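Here is what each chain is made of, one letter per residue.
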Amino acid sequence: MAFSLPKLPSQTEWVLDTNRHPPVYTRPLVGSELWMHNRWLTLEGESEVCQGIKFTSPLGIEEVKDRSRQALDKFRFVCPIVSCAIEDEKSPRWVYTPSADREAWLDLAFVVEQRGSSLDSSEFGKDINLKKLPYMGMNGTITLFRVYLLVTSKEDHDGRREYSLFFHGPHSMMDAGPCFHGLNLMCEFMSGSGMDVKIVRSEEWKNLPVDIISATGGVPKEWETSGAELLQDAMKQTELMLLSGHTLPPPSRPLDVSERPIRHHITLSESETRAIIARAKQLGVSLSALFKAANGLAQFKLNPVPPRDDVYFPIHMSSASPERFLKPSVNPKTYFTSCLSLMPLRIHMAEPLRQDSEKATLIMTAKKVQEQFDKYLPNPCLPMIMLFLRSCLSLDPIRKLPLIQGHPVFHGHATSRTSA
């Protein structure tokens, strides 16, 4: 049967709804915004992001607190989606209320935590794992986004104190790339450097992010050629991934994250890191490809399979940023919303698993992963993939979502909420 190329949805704009009181601006969630939101609904808040950085400062704690809050005020102005709500489960849309109490939102969205004599970002991450969005204030204020400033009581010999700054929000609002840009903006605002921002509240709505089709300049001219090939391959790989595989049995009941998770860390020295980076460059593979390969081989080692020709390793959640495809009028530093593309990769493992050593197996697997990356990443239609995948799924976030990381979709919706 011939592949029927789907028509891309039209570009969506922010629309002022004056029938509501107070008036609001709305835009439908599209692409990975919508995909991640449905994943969040289906997997009990699993698709939430907590990402941060550490820094030191000779400034006093109160000064750092004040600068951080002021920085968040500026950050909200250039990236106002952080103050948006999401409404309507069947047809989710962003909702921005221009007249909302800004100070009440800042009170809820900015939190300072004292973390003792040292900062452990992993421990903080475990604490965040027990929280569920949105945050709700005593006065009825609600936010899907929060900034945490972590403070230590210990000072270095030169009077500098260590801090951490973390974002916590839904993956429908923030990917890794936008988060790094956002954290960088926060640091620039705190230090008084970077872009000059004058907050004009009546103008803030103009900085709401356009959808991914608009951000990349509309439908690519290659849509009916290389776009068709890319989407056909993505669809084929996605369908194959839905077949039962040799994996650990999934849980038979809904996930219930009620305890702090356990994490294992392996820290590489600077010399080890340099050696790995140099060797990866020599082999012509990225670190992402190397780590994807290592992850797959670890699963094969924990759950071995006999030698055979039809052995594949599916990589369901390999994502790519569309930043290089953004049109010149879209500033990547302030384009803050989920806009990633998932690449359904499926690696043929028969030959790598026959190698004489684990190192040889890892190198061959990494090269196979890199081959898949090289097929997807240069394609100008890559940012459209999530629009296509989403159009093939029901708006019901339960019935027709594909397997995710080897787990079936669980029934039920997130009902727990985090209070201020």
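Okay, so let's go over this structure. (Residues numbered from 1 in each chain as written. Predicted model: local features only at pLDDT ≥ 70, side-chain atom pairs only at ≥ 80, totals over all residues. Heavy atoms only, no water.)

1. Notes on the nonpolar core
Stated formally: Nonpolar cores are built from buried Ala, Val, Leu, Ile, Met, Phe, Trp, Tyr and Cys residues. Side-chain atoms within 4.5 Å join them into one set. Note on exposure labels: buried denotes an accessible area under 20% of the residue type's maximum, exposed denotes more than 50%, and partly exposed covers the range between, all computed with a 1.4 Å probe on protein chains only. When checking whether two residues touch, look at their non-hydrogen atoms; a contact exists if any pair is within 4.5 Å.
Formed by 53 residues in total, the largest nonpolar core has its most connected members in L72, F75, F145, F167, M173 and F336. Other than its neighbours up to four places away in sequence, F145 contacts L72, F75, V82, W105, A109, F167, H168, M173, M174 and F336. If you look at the next biggest cluster of nonpolar residues, it comprises 39 residues, including L290, L297, Y335 and F373.

2. Digging into the packing of aromatic side chains
Convention followed: Working definition: rings of Phe, Tyr and Trp (its six-membered ring) pair if their centres are within 6.5 Å, and the pair is stacked with planes under 30 degrees apart, edge-to-face with planes over 60 apart, and tilted otherwise. Only DSSP runs of H or I with at least four residues qualify as helices, and only runs of E with at least two residues qualify as strands; both kinds are numbered from the N terminus onward. A positively charged side chain is recorded as over a ring if its NZ (Lys) or CZ (Arg) lies within 6 Å of the ring centre. The angle to the ring normal must also be within 35 degrees.
The full count for this structure, using the stated rule, is 13 aromatic pairs. Arranged with centres 5.2 Å apart and planes meeting at 70°, the rings of F124 and Y148 form a pair that is edge-to-face. Highlighted residues: F124 in helix α4 (residues 121-129) and Y148 in strand β9 (residues 146-155), separated in sequence by 24 residues. Across the pair, exposure class does not vary: F124 and Y148 are buried alike. Lying across the ring of W105, R76 places its NZ or CZ 5.0 Å from the centre. The ring of Y312 has R346 lying over it, and the distance from NZ or CZ to the ring centre is 3.8 Å.

3. Some words on the side chain of T141
Defined as follows: Polar contact is the term for a pair of N or O atoms within 3.5 Å; when the atoms are in protein, one must be able to donate a hydrogen and the other to accept it, and sequence-neighboring residues count only if both atoms are side-chain atoms.
In this fold, T141 is placed in the loop between β7 (135-136) and β8 (142-143). A relative accessible area of 15% means that T141 is categorised as buried. At 2.9 Å, the side chain of T141 forms a polar contact with the side chain of N139.

4. As for helix α9 (residues 287-302)
Applicable threshold: Helix span, expected: 1.5 Å multiplied by one less than the number of residues in the helix. This arc is built from the directions going out from the helix axis to the C-beta atoms.
Taking 1.5 Å of rise per residue, the 16 residues of α9 would be expected to cover 22 Å, and the 22 Å separating its terminal C-alpha atoms lies within 8% of that figure. For α9, the complete set of buried residues consists of A289, L290, A293, G296, L297 and F300. The buried residues of α9 occupy an angular sector of 130° when projected down its axis, which confines them to one face. Residues F291 and L302 are exposed on α9 and point more than 90 degrees away from its buried face.

5. Topic: the sheet that holds strand β1 (residues 15-17)
What counts is decided by this rule: Note on pairing: two strands pair once DSSP finds at least 2 bridges between them. Helix axes are fitted to C-alpha atoms over the stretch in contact, other axes to C-alpha atoms as well, and angles between N-to-C directions run from 0 to 180 degrees.
Taken together, 4 strands build an open sheet; the order of strands is β1-β2-β5-β4 and the sheet is antiparallel. Of all strands in the sheet, those bounded by a partner on one side alone are β1 and β4 (85-87). Taken pair by pair, the neighbouring strands of this sheet meet at an average axis angle of 35°, ignoring direction. When strand β2 (residues 24-28) meets strand β5 (residues 93-96), the two strands line up antiparallel, connected through 4 bridges. By the bridge assignment, T26 is partnered in β5 with V95.

6. Here we look at the pairing of β2
Summarising burial for β2: 4 of the 5 residues are buried, a large majority. Where β1 folds back on β2, the antiparallel hairpin that results is connected by 6 residues.

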